[in-house]
Amino acid sequence: MRYRVTVPDQEYFDRNIPCRTACPIHTECGRYVQAIGISRDEEAYLLARAPNPFAYTLGRICAHPCEDACRRGKIDEPIAICALKRWATERHNLGTGHDPARKNLPPPAKRGKRIAIVGAGVCGLTCAHDLALLGYSVEVYESAPVPGGMLYLGIPNFRLPREIIMMEVTQILDLGVTLHTRVTLGRDIALSELRTKFDAVLLATGLNKGRELNIPGAHLAGVYNGIDFLINVNLGYEIELGKRVVVVGGGNVAVDVARAAVRLVQESSDWEGGGAESLQPALDAARMALRSGAEQVSLVSLESREQMPAWKGEVHEAEHEGIDVDNGWGPKEIVGSNGAATGLKVRRCVAVFDENGRFNPAFSDEEKVIPCDSVVLAIGQQADLSFLSGEEGIEVTPRGILKIDEDLMTTAPGVFAGGDVAFGPRILVEAVANGHRAARSIHVYLTGKTRKTVLSRFRIFNNWEMPRGFLSTPRQTMPVLPANRRIGIAEVELGFDEAQGRAEGLRCLKCQVNTIFDGSKCILCNGCVDICPEHCLRLVGLAQIQGDERFDLLVAKSPAAASAIVKDEEKCIRCALCAQRCPTAAITMESLEQQEREVFE
Ligand SMILES: Cc1cc2nc3c(=O)[nH]c(=O)nc-3n(C[C@H](O)[C@H](O)[C@H](O)COP(=O)(O)OP(=O)(O)OC[C@H]3O[C@@H](n4cnc5c(N)ncnc54)[C@H](O)[C@@H]3O)c2cc1C
């Protein structure tokens, strides 16, 4: 076996701090988790908030790619990074309007340039936030009566309370951003007009149409589209579902639909967040609508349970709420009488993907009819690009999304696009990343400057001591509302309590801390190898090392002895026993920190 030797450069940093690397906005996840563990709550909040104007929101519903990458997951379970973000943000300014992340910042100098952003979702508003801080005059055009995009229109309030969305949106608007709701591009205002009046335009219109399913009966009364259904319910409209509802789909949207449907029996329409007055017509319409409630909700998914793209935890909660999840069936026909749906005919799906891994479902002859009063089809999303007249020079890809270059500029100069409308269905934290990227690209476009990311030097801290016993602490379980109290908008996840937050914070393996070896001091006594509880250190012959002359920092070497200490970074738990054991102080525990900053010149 030969060992590759690395030095603490960018590649080493990215590989060894996987949570930060996996996060599209490079949140210092590990550092805020650790700050919570040692009760440095403001520091935790500031670290979580720094790259993210939607930190509160994402503390509730982030898809958390950081947790999938977390090194602790290789030992037992990953750190509950998302829940700890909620913990850190909730201990700060919720409801006070005071944001410590902004307290010492002077108002930016005005630049005299105007930017139009279409779509007040996470991408559009993040871009508005950054551009306002850069001194631009920003106006956001939104077709819905409320800002927030899918946060408000798609995600049910039992997963994300509306006051959190409104608090974060208000903080962005308070930077001087102007919001125009109920203005639809292509209907109330033309793209050509925006291009004339503004210096640059960002299209961040998301994917707000559900995909159609072309099967017999799809146009019967009682057949709804999942996205339309959620938008209507979230805006306060009542939908008559009848008592038995079948939801078709295996993704998160389908689960949200099913979980919203079971609550409709008690759904109330007394929303009180910002903008409630502007919702009045919707509420009036809702009062006119027939009130109804679903008593039996089934979710029919093509995929097996293991293959379902929906998050496991959400499926579990859905079942807990009484939703019947029926896997391995594909819709064949919606049967009905007198023009209304009475059942969903399904056929057994034997394979979802073909031998090339492509989505290409295969079916057997087995069929059944699931009796129901309504069918909600939640089988995917698509962009509504009807605002394009065809004369703007904006190209659309074969996937039906906007074609962009690496700076997020569409094929029309000065018109940028980001978020789901430019990348297809993604996750919120990627929409935040796109918003940042779009703002920087617009700034570069308007100033003629170039942008570069500057990485400051690695900061090194000594005197590391790891808390003992942290390996035996299990991942904390999110407390949830009992199923029989989950009515209407009641939030299901309750958040960690004080003790849980601290305990979970202390579980972190502290990947940014590392053992640094001074080869000139090492006497190759093997003491560190003997004491390492994870067996991640080894004494090997120099001949086994693949050449890189700069390996002193990470391995000890002794040309005389022709041997070296090498280390498996993945297994190391940063316990510091090796450093304590070393008789010559050749090993120190040092924290590597990277500060990323963008400069325009
Ligand atoms: C039901 C559902 C649940 C989800 N759950 C999660 C989750 O838990 N975690 C996660 O990370 N991601 C989740 N996602 C994905 C996430 O919501 C999206 O990736 C994200 O919202 C995309 O942000 P965006 O800003 O690109 O678009 P959007 O949030 O869709 O915002 C686009 C905005 O543009 C407006 N608009 C559209 N057309 C026009 C027009 N012509 N004129 C003016 N305004 C217009 C829309 O009204 C909308 O407000 C979920 C998505 C859905 C549908």
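Structure report, in brief.

Turning our attention to the environment of leucine 194. Following the sequence through the fold, leucine 194 ends up in helix H11 (residues 191–197). Residue classification places leucine 194 among the buried residues on the basis of a relative accessible area of 1%. Taking C-alpha positions, leucine 194 is 9.6 Å from valine 118, a pair spaced 76 residues apart along the chain. The residues touching leucine 194, leaving out its near neighbours within four places in the chain, are Ala116, Val118, Tyr141, Leu185, Ile189 and Val201.

What follows is about the sheet that holds strand E2 (residues 114–118). With parallel pairing, 5 strands are arranged side by side in an open sheet as E4-E3-E2-E5-E16. Pairing within the sheet leaves two strands with one partner each, and these edge strands are strand E4 (178–180) and strand E16 (415–417). Each strand of the sheet is rotated relative to its neighbour by a mean of 20°, with strand direction disregarded. In terms of strand pairing, strand E5 (residues 200–203) meets E16 through 3 bridges, oriented parallel. In the strand pairing of E16, leucine 202 is matched with phenylalanine 416. Packing against the sheet, helix H8 (residues 122–133) makes contact with E2, strand E3 (137–141) and E5, and its axis sits at approximately 165° to E2.

The next thing to look at is the side chain of glutamine 512. Relative to the elements of secondary structure, glutamine 512 occurs in the loop between helix H18 (498–506) and strand E18 (513–517). For glutamine 512, a relative accessible area of 9% gives the class buried. A distance of 2.7 Å separates the side chain of glutamine 512 from the side chain of glutamine 34, its partner in a polar contact. If sequence neighbours within four positions are ignored, glutamine 512 has contacts with Ile17, Arg31, Gln34, Glu590, Ser591 and Leu592.

Reading the values: the criteria
What you see as residue numbers is a count from 1 along each chain, following the sequence as written. With pLDDT at 70 or above as the cut-off, local features in this predicted model cover only qualifying residues; side-chain atom pairs require 80 or more to be listed or tallied, and sums for whole chains, interfaces and linings still use all residues. Excluding hydrogens and water, the side-chain values take into account all heavy atoms of the structure. Counting from the N terminus, the helices are DSSP H or I runs at least four residues long and the strands are E runs at least two residues long. Accessibility here uses a 1.4 Å probe with only protein chains present; expressed as a share of the type maximum, an area under 20% marks a residue as buried, one over 50% as exposed, and anything in between as partly exposed. Between two residues, a contact is recorded if the distance between any of their heavy atoms is within 4.5 Å. DSSP bridges decide pairing: two strands pair if at least two such bridges lie between them. Axes here mean lines fitted to C-alpha atoms, for a helix over just the part in contact, with angles spanning 0 to 180 degrees between N-to-C directions. Identification of polar contacts relies on pairs of N or O atoms within 3.5 Å, with a donor-acceptor requirement for protein atoms, meaning one able to donate a hydrogen and the other able to accept it, and with residues adjacent in sequence counted only if both atoms are side-chain atoms.

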